[in-house]
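Descriptive analysis of the structure
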Amino acid sequence: MKHKPRKRFGQNFLHDQQVIDRIIACVAPQAGDLLIEIGPGQAALTGPLLASGAELHVLEIDRELVSRLQTLFSGNTNITIHPCDALQTSLPRIAGNRPFRLIGNLPYNISTPLIFHILQWHEQLVDMHFMLQKEVVDRMAAGPGSRTYGRLSVMTQFRCSVTPLFDVLPESFTPVPRVCSSIVRLQPRKTPLTDAGSKGSLERVVTTAFSQRRKTLRNSLKSLFTTEQLTAAGIDPGQRAEQLSLSQFAALGRSLSYHED
Ligand code: SAM
């Protein structure tokens, strides 16, 4: 029987073979790789990933799809199917604390929280290839001064280099989504871009600054810094969050951990 796509799990299944081939060529999986795929669905990417000889772990929330995958890949010892919610799962535990590569045509309804969840393991991640809403990839790759530059851009770029690869039309999926999609490659930085202070301080500064992005930093950051502290960190209090570079946000992260110590 055909699977009825479930909207609540963001199910838009990729059927365009050219797009599938292009994604696999970008990922270039190798025997010896440890791959984790989030949301294998009806196995559009799973089959070709497995054909490379890599060790593959897939995380799928939909029990009906899990049982189809178990039937489809029964007897294949290179794949482990994990019936779980990727948002509640420790990927390093799945990987047995080995370095791993991550792939996913991500459910669009949870893609941003999922990216933040995943970025916490940037040190164990070799690379990531994701299909996302084009608008999300644009936000990830945006620089200062752009309307789309925000928390997602700063936090992703601070941890990873971001390479948008190509766009995918809605007609490549069943059911057809209302939005255009893009493939993006994220490569975690081997060494931090710069010191951003103690754990969590950059995230606090960035979240607070962009929660009122039209306000000047003097106002949007007043719960964290006095005007004098902003100036001492080399920041013009009359600027807005969208004008700050990654290194300026890092300077604020350092300043926050210094004066909160
Ligand atoms: N990879 C398939 C493809 O390219 O056709 C399916 C992509 S579909 C956009 C997203 C998949 O993620 C679905 O199979 C859905 O059931 C699964 N999914 C949704 N939320 C999830 C979650 N929290 N954890 C794991 N899988 C999830």
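Our structure is the block above this text.
Residue numbers run consecutively from 1 along every chain, following the written order of its sequence. Totals for whole chains, interfaces and linings use all residues, but because this is a predicted model, local features are given only for residues with pLDDT of at least 70 and pairs of side-chain atoms are given and counted only at 80 or more. Values reported for side chains reflect all heavy atoms of the structure, with hydrogen atoms and water molecules removed beforehand.

Quick notes on the packing of aromatic side chains
Applicable threshold: Side-chain rings of Phe, Tyr and Trp, where Trp is taken by its six-membered ring, are said to pair if the distance between their centres is within 6.5 Å; with planes under 30 degrees apart they count as stacked, over 60 as edge-to-face, and otherwise as tilted. Only DSSP runs of H or I covering at least 4 residues are called helices, and only runs of E covering at least 2 are called strands; the numbering of each starts at the N terminus. When a residue's accessible area, from a 1.4 Å probe over protein chains only, is under 20% of the maximum for its type it is buried; when over 50% it is exposed; and in between it is partly exposed. Comment: the charge-over-ring label is applied if NZ (Lys) or CZ (Arg) is within 6 Å of the ring centre and within 35 degrees of the ring normal.
The final tally for this structure, using the stated rule, is 2 aromatic pairs. Seen from their ring centres, Tyr149 and Phe210 are 6.0 Å apart, and the 85° between their planes marks the pair as edge-to-face. Taken together, the residues span a long stretch of sequence, with Tyr149 in the loop between α6 (134-141) and α7 (151-159) and Phe210 in helix α8 (residues 201-211) at a distance of 61 residues. Since its relative accessible area comes to 0%, Tyr149 is described here as buried. When its relative accessible area of 11% is taken as the criterion, Phe210 is described as buried. Ring geometry for Phe210 against Phe249: centres 5.6 Å apart, planes inclined by 35°, an arrangement best described as tilted. With Phe210 in helix α8 and Phe249 in helix α11 (residues 246-260), this residue pair connects regions lying 39 residues apart in the sequence. Cluster of aromatic residues (ring-pair linked, three or more members): Tyr149, Phe210 and Phe249. One cation-aromatic arrangement involves Arg8 over Phe9; the distance from NZ or CZ to the ring centre is 4.6 Å. A cation over a ring is seen here: Arg151 above Phe116, with NZ or CZ 4.0 Å from the ring centre.

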